[in-house]
Each structure stands twice: as structure tokens, then as C-alpha cells.
Amino acid sequence: MYPMRSERETTEGTGASAGIYSAGPWSRRLRLASGSVLFLYVALHLANHALGNIGLGAMQAMLAAQLWLWQGVIGSLLLYGAFLLHGGLGVFAFYQRRFFGLRWPDHAQLVLGLALPALLANHFADTRLALLLYGIPKQYPQILATFWVFVPLFGALQVAVLIVAWGHGCIGMHYAFRLKRWYAGAGRLLLVLAVLLPLLALLGFVQGAREVARAMASPAFRAAALGAAKIGTPAEAAHLFHLRNLFIAGWLVLLLLVLALRGLRAWREQRGHGIAITYPNGRVILLPAGGSLLEASRRIGFPHAAICGGRGRCSTCRVRVFADPASLAPPTATEAAVLARVRADPERVRLACQLRPLGAMLIHPLIPPAIAANFLIGRGPGMLGEERFIVAMFVDLRDSTALIRGRLPYDAVFVLRRFVESAAKTVRDAGGVPNQFTGDGLLALFGLASGPAEACRAALAAAVRLAIALAGDAEAGPGGSDHPLSFGIGAHCGTAVVGEIGFGGSRTFTALGEVVHLAARLEQASRDLRQTAVISAEIFETAGLAPALGAPASPATELALRGHDRPLRAHLFAAATLRQGFSAA
């Protein structure tokens, strides 16, 4: 027997919100993973500073826990491994990107990221190197005394490090997760935390420094906390200062070398003939070899949607390409994953941010350039419009006009609402999606997140459940007599276009196509033929189920439907027959 529970397979996410740990090149995944470790480190650092608003003792207590976490073997390997990996991949990405005509968050993330190692050098030398080379365990009393009293410039640099590191990390996390379903709802709270945490950290830093400054009036405190064993000798400080300068100089030389290599590459590319890229407006650009289509669009100021910033995490930059197949490089792992999620043919549709042409081509962007990011966030596979196999099912309350005639308006609403809510819950429990409500009925869609066979089985399960749930559902509105509610079902399967339609903030997800039209006609036929349900034979054939339980399959009836030039084969069911369920064919 076919089970009443739907066995559909669900698919989370879309091309716009694909899991960033499960798809993409190794470099991007490693950069995100290492960046997440560093972001956690900075967040804990800020939280530790914020405890200065309570007192120096609270700061010291949390610092002890952090030292245990980050100065152990595992913590040190994780932290410094993440720093080296993230920095190295960031420099490589800086070299690899050919065009920087991006939005201001991209510029900010780039500048902050490249400035961070140089700004961090002073704090690293004054704390970790001091511990490694000279065994000087500097904690909050020594650090705050240095930053607030002895060398205020170092304190300003520390504030800059925190702001730069936090800003760089927040921008990176925003781009990494902005298209995830949960991010739309949590965005405001995360923004509050992103602003509040550094503010509390700065206030705590100041309060802790003031407490240390007051304590320095005590000779005993100075002897215990600020002696040579705690802050080091002048010779040791000079050596650490020298190492810091060497690191900063090395970092600047590395950046200059990358810039020189970028310039050399650009010079070599300009000497070549370039690849002709033709746009819909007829404009042609000669793209240097190795450049992406999105970079070509930005070079000439052509409006091109790219919600994820050209990182291959969404499908909004996709274009239809007209070119010799030899001009198309094979899709990368990132591109292939995204194209698969939006069911695009890689021979005709490619991601502009990932495709680096090998020959001349004509391109046509598929997504409007002015599309807003909040239109994509949290949307399913077909929100922008796609063709897919679905089952459309109309469920309608019979004689609803007579049922509510003579009743008070609120009583009439109660009757209709109870029917619609019961039908919608039954459809959802079976694996369908209640899509449109018509007052006394609804349109349900199956197959938005499953294959054809699963969609058809879920729709048949829903029909059986509806017959069982509504059979004894007596209408018991105030002032009315009790009698069972009568309803009709019409269902058909096939290919439809599903997506959002509407304007501005008034949008609705719906399905368009002949399959929906025929399902509505079948529901009307159930009314005309005095049957509870009329279900197309194609649904049973696709589901692999027989239209009768424990009996030979009854022959399908050929129905002539208005607006359809050919008869449609369908099975007719009375309520009692429908409640028996269906068996394997």
C-alpha cells in the first residue's frame, strides 16, 4: 500500500544561496574557513575588552580563558595557521583580480585586509614575540599601562587594529552569508551586534586603562605589575621594535612585488590582440586573455547584476552566450555547482564572473541589472522563474454560496476559513505547498523541491488525506445545522513556469502553464460529473501507483475539457473510493 506520508526529497538553497562550504574552489573555501577562525578570535578579543566596563578583574578572568584557548598547541596552530593561510590567499586573490571597479564595500574589504598585517605587527611583537623570545607574559595591566600611559601612540594603533580587523571581518561575513535564508531575518540583529560590540570594547578599553592609571599611583602595584620581568628591558624592547619594522618592511615589499607583477601582466595582455566580446547594445570590447565576462562589463560600465560581488555564490550574473563551443572554457567547480542548482545548460548559459572566454562571443545578461539583493535573499530555486515538472491540484468547497447564505458575516468567514485551513494543512503535511487561496478553495503545488515521481506520489497522498480529513468534518458554525462539507479535487501534472510575479513589494509566487489550466478544468469536471476527485492518468503513471487499492486498475475516462483540443485521460473517484488509498501499479 502507498504510505500516507510523503517520501519526497527536499533540497535546501538555490544557486543564489548555495552552501558556501559545499561548493566552490578550494581557495575560496579555505579563505572562508580561515577567515572564520580569525573572526572568532577578534570577536572574543572585543568581548574581552568590553569587560573593562565591569572592571580590570573581569578582563583578566576572561583573558586567562583566552590564553588557555589560543596559546595551547592546538589553538596556536589553528590561529597562526589561519592567519598565514588567509593572508596568503588574500594576496593571491589581490594578484588574480584584474579589475577593481567594484562597490565601496569591496574596496573597503580590500584596503582593510591589506592594511591589517602592518597594523597588527606592533601588537604581535609586543605580546606574542615578547613571550616567545623573552618569556614576558604581558597581560592587561602591562598592555594597558603601555597603551594608555607610556606610549599612547601604540594605544591608537591598537584601536585601529580592532576597527580594521572587525570591519574587514564583518564585510567578509556579510558577503559569505547574505544570500542564506536565515540571514534576511537575522540581518538587523547582526548589524546591531556588529556596531555594539566594538563600541563596548572601546569603552571597556578606556575604563580598564583608567583603572590601571589610577593603580599606578601605588608603588606596590608598579613594582608587582610593571617591573622588568613583566614589561621587559629597554634592550629587549628595542629588539622587538626592530623585528616589528622588519615585518612591516617585508609586507610592504610583498605588496609592491604583487603590484609589479600585476603591471607586468597587464602590459603583456595589452600587447595581445584581446578577445572580442559583443554586448546586446552592439558595443564590442577587447577583453585581455584571462579576464572574466563580469570584469569586461565593469571595464566599460555596462550594468551587470552580481549580487554576491562576483564570487560565484549566486546566479544573478549569468548570461546567455552565443559562441563557438571552443571559445568556452569548461565550467569551474563553483560555476558547475551554481548552474546545476538553477538547472542551466552550460553550453548556452554561463556565470559572467566565472567564465574566462577563449574566443570571441556575443553575450546577453539574463538578470536585470537593477535587481535588488533583498529580492533574492531567502528565495527558492524558481523564484526568478524556471521551468520544472509540477503537480497542480485544485481543492474547492462545494456549494459554498448556499452554505453561508443567511449566516452572519463572521460566521460565514469562520466556515470558509476552517475548510481552507484544514485543506492547506493536509496538503502541507503530504509534502505540497498551498499556493493560492480563492476564498472557498486553494491551488496546491507539488514538486517544487522533488522529482516527478515523488511529486505525483505526494499529490496522491494529499488527495487521500483530504478525503479522510474532510469526510467527517461537520460544518458547525454558530447558528447552523451540522452536515459534512462537500469538496472537489482536480489534479494534473506536467511542466510549468514557476516564479514570482508582481510589482515592488507586492509579489506572489505562482505557477503558469497548461498544467495549471487543465487541473482547474478537471476540478470543474469533478463538479459536473458529481465526483469527489478527477485525477489525470498521467499522475498515476508517473507515480507508479494504481488508481484502486487491492483491485485491478479501473480504466481511465477520456474527458473533453473546455479550452483543450484533445481529450484528457483521467480517473474519477467518489469520496469513499478515494479514502481507500492507492497501491503499487
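Parameters at a glance
- Residues numbered from 1 in each chain as written.
- Predicted model: local features only at pLDDT ≥ 70, side-chain atom pairs only at ≥ 80, totals over all residues.
- Heavy atoms only, no water.
- Helix = DSSP H or I, 4+ residues; strand = E, 2+ residues; numbered from the N terminus.
- Buried < 20%, exposed > 50% of the residue type's maximum accessible area, 1.4 Å probe, protein only.
- Areas by Shrake-Rupley, 256 points an atom, 1.4 Å probe, with all protein chains shown as cover.
- Phe/Tyr/Trp six-rings, centres within 6.5 Å; stacked < 30°, edge-to-face > 60°.
- Lys NZ or Arg CZ within 6 Å of the ring centre and 35° of its normal.
- Core = buried A, V, L, I, M, F, W, Y, C linked by side-chain atoms within 4.5 Å.
- pLDDT = per-residue confidence, 0-100.
- Contact = heavy atoms within 4.5 Å.
- Expected span 1.5 Å × (residues − 1).
- Pairing = 2+ DSSP bridges.
- Axes fitted to C-alpha atoms, helices over the stretch in contact; angles between N-to-C directions.
- Salt bridge = Lys/Arg side-chain N within 4 Å of Asp/Glu carboxyl O.
- Patch = residues over 30% accessible without salt bridge, like charges linked within 9 Å, V, L, I, M, F, W, Y side chains within 5 Å.

Engineer: Explain the overall build of the protein chain here, please?
Structural biologist: On a plain count of helices and strands, the protein chain comes out with 19 helices and 15 strands. The proportion of buried residues among the 585 residues of the protein chain is 47%. Summing over all exposed atoms, the protein chain offers an accessible surface of approximately 28,200 Å²; the carbon and sulfur share of this is 64%.

Engineer: Would you explain the packing of aromatic side chains in this entry?
Structural biologist: Note on aromatic pairs: each is described by the distance of the centres and the angle between the planes. Summed over all chains, the structure comprises six aromatic pairs. Aromatic pair Tyr80 and Phe124: ring centres 5.9 Å apart, planes at 70°, arrangement edge-to-face. Of this pair, Tyr80 sits in helix H3 (residues 73-96) while Phe124 sits in helix H4 (residues 104-134), and the two are 44 residues apart along the sequence. For Tyr80, a relative accessible area of 27% corresponds to the partly exposed category. The class of Phe124 is partly exposed, set by a relative accessible area of 32%. We note Arg262 situated over the ring of Phe94; from NZ or CZ to the ring centre the distance is 5.5 Å. The residue whose ring lies beneath Arg265 is Tyr95, and the NZ or CZ to ring-centre distance is 4.6 Å.

Engineer: I keep staring at unusual backbone geometry and nothing clicks. Help me out?
Structural biologist: Trans peptide bonds make up most of the peptide bonds, and negative phi angles are found at most residues other than glycine. The phi torsion at Arg530 lies on the positive side, around 55°, for a residue other than glycine. Along the polypeptide, Arg530 turns up in the loop between helix H17 (514-528) and strand E11 (533-536).

Engineer: Please clarify how the nonpolar core should be interpreted in this entry.
Structural biologist: As a rule of thumb, nonpolar side chains are buried together in soluble globular proteins. Grouped together as the largest cluster of nonpolar side chains are 38 residues, with contacts concentrated most on Met393, Val395, Phe446, Leu466, Ile489 and Ile535. Those elements that provide at least two residues to this core are strand E6 (386-397), helix H15 (409-430), strand E8 (441-446), helix H16 (452-471), strand E9 (487-503), E11 and helix H18 (537-543). Listed in part, the 26 residues of the second largest apolar core include Leu294, Val342, Ala344 and Ile363.

Engineer: Which parts of the structure should I look at to understand the confidence of the model for the protein chain?
Structural biologist: The predicted structure's coordinates, where accompanied by low pLDDT, should not be read in detail. Of all residues in the protein chain, 83% attain a pLDDT of 70 or more, and the chain-wide mean is 81. A low-confidence stretch, residues 1-24 (pLDDT under 50), is modelled with 69 contacts involving residues beyond four sequence positions or located in other chains.

Engineer: Is there a simple way to think about H17 in this case?
Structural biologist: Each full turn of the α-helix corresponds to 3.6 residues, which orients residues three or four apart in the same direction. The end-to-end C-alpha distance of H17, which contains 15 residues, comes to 21 Å, matching closely the 21 Å that a straight helix rising 1.5 Å per residue would cover. Those residues of H17 not exposed but buried are Val515, Val516, Leu518, Ala519, Leu522, Glu523, Ala525 and Ser526. Backbone geometry just after H17 places Arg530 at a positive phi near 55°.

Engineer: So what exactly am I meant to see when it comes to the sheet that holds strand E4 (residues 349-351) here?
Structural biologist: Sheets are built from strands that pair by backbone hydrogen bonding, the pairs being arranged parallel or antiparallel. Taken in spatial order, the five strands line up as E2-E1-E5-E3-E4 in an open sheet, and their pairing is mixed. Where the open sheet ends on each side, the last strands, each with one partner, are strand E2 (284-287) and E4. Along the sheet, successive strands turn relative to each other by an average axial angle of 40°, direction set aside. Relative to strand E5 (residues 361-365), strand E1 (residues 275-278) runs parallel, the two sharing two bridges. Residue pairing across strands places Ile277 opposite Met361, the latter belonging to E5.

Engineer: In this structure, what is going on with the pattern of salt bridges? I would like to understand it.
Structural biologist: Working definition: two side chains of opposite charge can pair if their charged atoms are close together. With the rule as written, the count across this model stands at eight salt bridges. Here Asp345 makes a salt bridge to Arg348, at a shortest N to O gap of 3.5 Å. The class for Asp345 is partly exposed, based on a relative accessible area of 32%. Arg348 sits in the partly exposed class, given a relative accessible area of 48%.

Engineer: Explain a nonpolar patch on the surface here, please?
Structural biologist: A cluster of nonpolar side chains, Leu254, Leu257, Leu261, Leu264 and Trp267, forms an exposed patch at the surface whose accessible area comes to about 460 Å². Checked against the element boundaries, Leu254 lands in helix H10 (residues 234-271).

Engineer: Before we go on, may I ask you to explain the environment of Ala50 in this structure?
Structural biologist: Secondary-structure assignment places Ala50 in helix H1 (residues 26-50). For the pair formed by Ala50 and Leu203, sequence separation is 153 residues and the distance between their alpha carbons is 6.8 Å. Ala50 has contacts with Leu200, Ala201 and Gly204, leaving out every residue within four places of it along the chain.

Engineer: What should I look at first to understand the pairing of strand E14 (residues 568-573) in this one?
Structural biologist: Both faces of the sheet carry side chains from a regular strand, because those side chains alternate between them. When E11 meets E14, the two strands line up antiparallel, connected through four bridges. Bridging across to E14, Ile535 finds its partner in His571. With three bridges connecting them, strand E13 (residues 557-559) and E14 associate as antiparallel partners. Residue Glu558 lies in a different strand from E14, and its bridge partner there is Arg569.

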